[in-house]
Amino acid sequence: MVEMTDNPTLSTIERLELAADSGTGVTFVGASMAAEAGPVQVSWREIHDDARAVGAALQARGLVPGDHVAILGPTSRELITIIRGCWMAGLASMVLPLPMRMGSLDVFIDSTRGRILHGDAKLLLIDDLLADFYSPADGDPPILPMKAIMPGAANVPTGDALEIPAHDPERLVILQYTSGSTSEPKGVMIPDRVLSANIDACAEAAELNSDDAMVSWLPLYHDMGLVGFLALPMTKGVDLVQAAPQDFLAHPGNWMQWLSDYRATATAGPNFSWVLATRALKRMKDLDLSRLTVALSGAEPVDPKAVDAFVVEASRFGFTAGGMFQAFGMAEVAIGGTFPPRRRGLVTDTVDRIVLETQRVAKPVEIHDEDELGLTARQLPLLGKPVPGLEMKVVDPETFEELPERHVGELLLRGTSVTPGYYKRPDATAAMFHDGWLLTGDLAYVLDGELVLCGRIKDVIIVGGRNVFPEDIERAVGPLDGVRAGNVIAFGMEGYKGKESVVVVAEVRVSDTSGGLEEIRERIHHRTLEVC
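Just so it is clear, the structure is predicted and the values come from calculations on it, not from any experiment.

Caption draft 1: Structural detail: the overall build of the protein. Helices and strands together make up the secondary structure of the protein, namely 14 helices and 27 strands. For 532 residues, the compact-globule formula gives about 24 Å, and the C-alpha radius of gyration of the protein, at 23 Å, lands near that figure. Reported as C-alpha extents along the three principal axes, the dimensions of the protein are approximately 65 × 55 × 45 Å. Every one of the 532 residues in the protein was classed for burial, and the buried ones make up 56%. For the protein, the exposed area adds up to about 22,500 Å²; of that, 52% sits on carbon and sulfur atoms. For the protein, the separation between the mean place of its 47 positive charges and that of its 74 negative charges on side chains is 2 Å.

Caption draft 2: Helix α10 (residues 304-314), seen in detail. Within α10, burial applies to P304, A306, V307, F310, V311, E313 and A314. Residue D303 occupies the N-cap position of α10, its side-chain oxygen lying 3.1 Å from the main-chain nitrogen of K305.

Caption draft 3: The arrangement of the environment of T158 in detail. Turning to its location among the elements, T158 is positioned in the loop between β6 (143-145) and β7 (172-177). Taking the C-alpha atoms as reference, T158 lies 45 Å from W437; in sequence the two are 279 residues apart.

Caption draft 4: View of the sheet that holds strand β18 (residues 385-386). Taking strand neighbours across the sheet as the criterion, the 3 strands line up as β14-β15-β18 in an open arrangement whose pairing is antiparallel. The sheet is open, and its two borders are formed by β14 (328-329) and β18, each paired with just one other strand. Relative to β18, strand β15 (residues 336-339) runs antiparallel, the two being bridged by 2 bridges. Residue pairing for β18: F339 is matched across the bridge by K385.

Caption draft 5: Looking closely at the packing of helix α13 (residues 470-477) against helix α14 (residues 517-531). Packing of α13 against α14 leaves a shortest axis separation of 9 Å and a crossing angle of 140 degrees. Of the possible angle classes, the one that applies to α13 and α14 is oblique. When the axes of α13 and α14 are compared, the crossing they make is right-handed. From α13, D472, I473, A476 and V477 reach across to α14, where they touch I524, R527, T528 and V531. A breakdown of the residues in the contact of α13 with α14 according to their chemical character gives 5 nonpolar, 1 polar and 2 charged.

Caption draft 6: View of the side chain of R113. Along the chain, R113 turns up in helix α4 (residues 105-118). Exposure remark for R113: the relative accessible area of 16% places this residue in the buried category. R113 has contacts with Y134, S135, P136, A137 and D140, leaving out every residue within four places of it along the chain.

Caption draft 7: Quick look at the sheet that holds strand β13 (residues 324-326). Read across the sheet, 7 strands follow the order β2-β1-β10-β9-β11-β12-β13 without closing on themselves; strand pairing throughout is mixed. For this open sheet the edge positions go to β2 (40-43) and β13, each flanked by a neighbour on one side alone. Averaged over all pairs of adjacent strands, the angle between their axes in this sheet comes to 20 degrees, without regard to strand direction. Pairing of strand β11 (residues 266-269) with strand β12 (residues 294-297), which is carried by 4 bridges, proceeds in the parallel orientation. Considered in β12, the bridge of T267 is made with A295. Strands β1 (25-28), β2 and β10 (239-242) of the sheet are contacted by helix α2 (residues 44-60), whose axis makes an angle of about 70 degrees with β2. This element, helix α8 (residues 253-261), spans β9 (213-216) and β11 of the sheet and lies at about 165 degrees to β11.

Caption draft 8: Looking closely at the pairing of strand β16 (residues 348-352). Counting buried positions along β16 gives 4 out of 5 residues, so the element sits mostly inside the fold. As judged from the 5 bridges shared by β16 and strand β17 (residues 377-381), these two strands associate in the antiparallel manner. Residue T348 lies in a different strand from β17, and its bridge partner there is P381.

Caption draft 9: Representation of the nonpolar core. Among the nonpolar cores identified, the biggest contains 116 residues, and W87, W255 and M256 are the most heavily contacted of them. When sequence neighbours within four positions are dropped, the list of residues in contact with M256 reads A277, L281, M284, L287, L289 and F310. Among the nonpolar cores identified, the runner-up in size contains 17 residues, and F108, L130, L175 and Y423 belong to it.

Caption draft 10: Structural view of unusual backbone geometry. We note that D286 has phi near 55 degrees; this positive angle belongs to a residue other than glycine. One non-glycine residue, R360, lies in positive phi territory at about 55 degrees. Tracing the sequence through the fold places R360 in the loop between α11 (353-359) and β17.

Caption draft 11: Layout of the pattern of salt bridges. In this structure the tally under the stated criterion is 23 salt bridges. Note that D128 is salt-bridged to K147, the shortest N-O span being 2.9 Å. Of this pair, D128 sits in the loop between β5 (121-126) and β6 while K147 sits in the loop between β6 and β7; the two residues are 19 residues apart in sequence, bridging distant segments of the chain. Residue D128 is classed as partly exposed on the basis of its relative accessible area of 43%. One network of salt bridges, in which partners are shared, links R15, D200 and K236.

Each value, and the rule that gives it
- Residues numbered from 1 in each chain as written.
- Predicted model: local features only at pLDDT ≥ 70, side-chain atom pairs only at ≥ 80, totals over all residues.
- Heavy atoms only, no water.
- Helix = DSSP H or I, 4+ residues; strand = E, 2+ residues; numbered from the N terminus.
- Rg over C-alpha atoms; globule rule 2.2 N^0.38 Å.
- Buried < 20%, exposed > 50% of the residue type's maximum accessible area, 1.4 Å probe, protein only.
- Areas by Shrake-Rupley, 256 points an atom, 1.4 Å probe, with all protein chains shown as cover.
- Lys, Arg positive; Asp, Glu negative; His and termini not counted.
- Charge placed at Lys NZ, Arg CZ, Asp CG, Glu CD.
- Polar contact = N/O pair within 3.5 Å; in protein donor to acceptor, adjacent residues only side chain to side chain.
- Pairing = 2+ DSSP bridges.
- Axes fitted to C-alpha atoms, helices over the stretch in contact; angles between N-to-C directions.
- Parallel < 35°, antiparallel > 145°, perpendicular 65-115°, else oblique.
- Left-handed = near helix turned anticlockwise from the far one by under 90°.
- Contact = heavy atoms within 4.5 Å.
- Nonpolar A, V, L, I, M, F, W, Y, C, P; charged D, E, K, R; others polar.
- Core = buried A, V, L, I, M, F, W, Y, C linked by side-chain atoms within 4.5 Å.
- Salt bridge = Lys/Arg side-chain N within 4 Å of Asp/Glu carboxyl O.

Set out below in structure tokens:
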């Protein structure tokens, strides 16, 4: 096996060329990805040769280095090949989100078109499964089926025809659109230098090596899926087991089965996915999770109770608590921001909730009654130190004065992994930086050099002069009888006489013990008052 490439001067294209000969590859699993005969294993070399043909096909259609290609399709071998083909031709990939519900198709079409037009896509590639959902309109770029540029299709040249562009560290590799308003989409620019720096940093911080095996079902339109669990193994030559999100969501136990079957060492998911996996593990047998030493939880607030519950169930199958890996990341640094030491596991800081909300100081407390958590205290995970090439500080959001440890303020980042800004949004880009530091919009504090997140600034609910965090309400309401845990959201809105009111939306399930809807509603109301 070829050793992983970690030369910071190498371009993304050079990294892909070297990783193609690593002797590793990708295995497609799950009902949506595997063939009728079962999982399909493909070497990175085969994917690479096909990607060169894709890149040549795009060049033959007039696309030149620096152009942007929008791609709308489900997770598939074709999608991965096209992404790699774009990068080999010096083109920026714009992987577009998929429709979540058929009832919101109008919103999906509007938001998709908004991203395509704002991102100056020169071409839209669309999977046949989605072609009927998106009709061309005035101003749209040319539209082609994804299969039209795959090897074997008419007029697709061989990979030998690909013209490798000169290295340009500032050329975009990824244009990553964040969620938000369809009228003002924000595309995070990820140039070659940023992608390479963050991939190297993540690999070093996670102690990744060529013997690792990664499993992912994460969507490739999300930065954690695209960068953390595709670009990284694809440019480092690490084995990847790739599934589709829908195959995980339909049967969360599939994820655990894939980890066992392929003796995976690394995987990732948001907090809710670990909750679903825990439920699935209760019904499973004969798994081997002993090699899993990077069970990354990110993309949404980490609930320590959910982590502990997973460890309890997974330990029956050889998993050790040190394998849990709570990290912080965001698209504006490609993906990885702070990582904990590998094999350390979950470490938390328990602090006085009232002091945190009124004084913005993380005062440590000891809790002897579990029921006190969420009411009088918060248990917050330590998320590690900045990955190599990044530095962080926490400042007063108004004065930008750096704060001492345990004092809560806005998290700022600076370094090699930071985006140059949002595409064609000079206003948003200017607002995102202060004296060269990236303003993350996160409230946090530092403890022993590690990051501890408290919540998003824009989500904080002001109640009687206190800064109440929605997560506290959601986690307090979630365990109530009749409430579906994980299906609770809390937010603030302007109420009577301009004062901020708290709104809690919960999905409920009436049972023999829960009482009727009114009783459940009263229970939620009472618990919310206890928190607020």
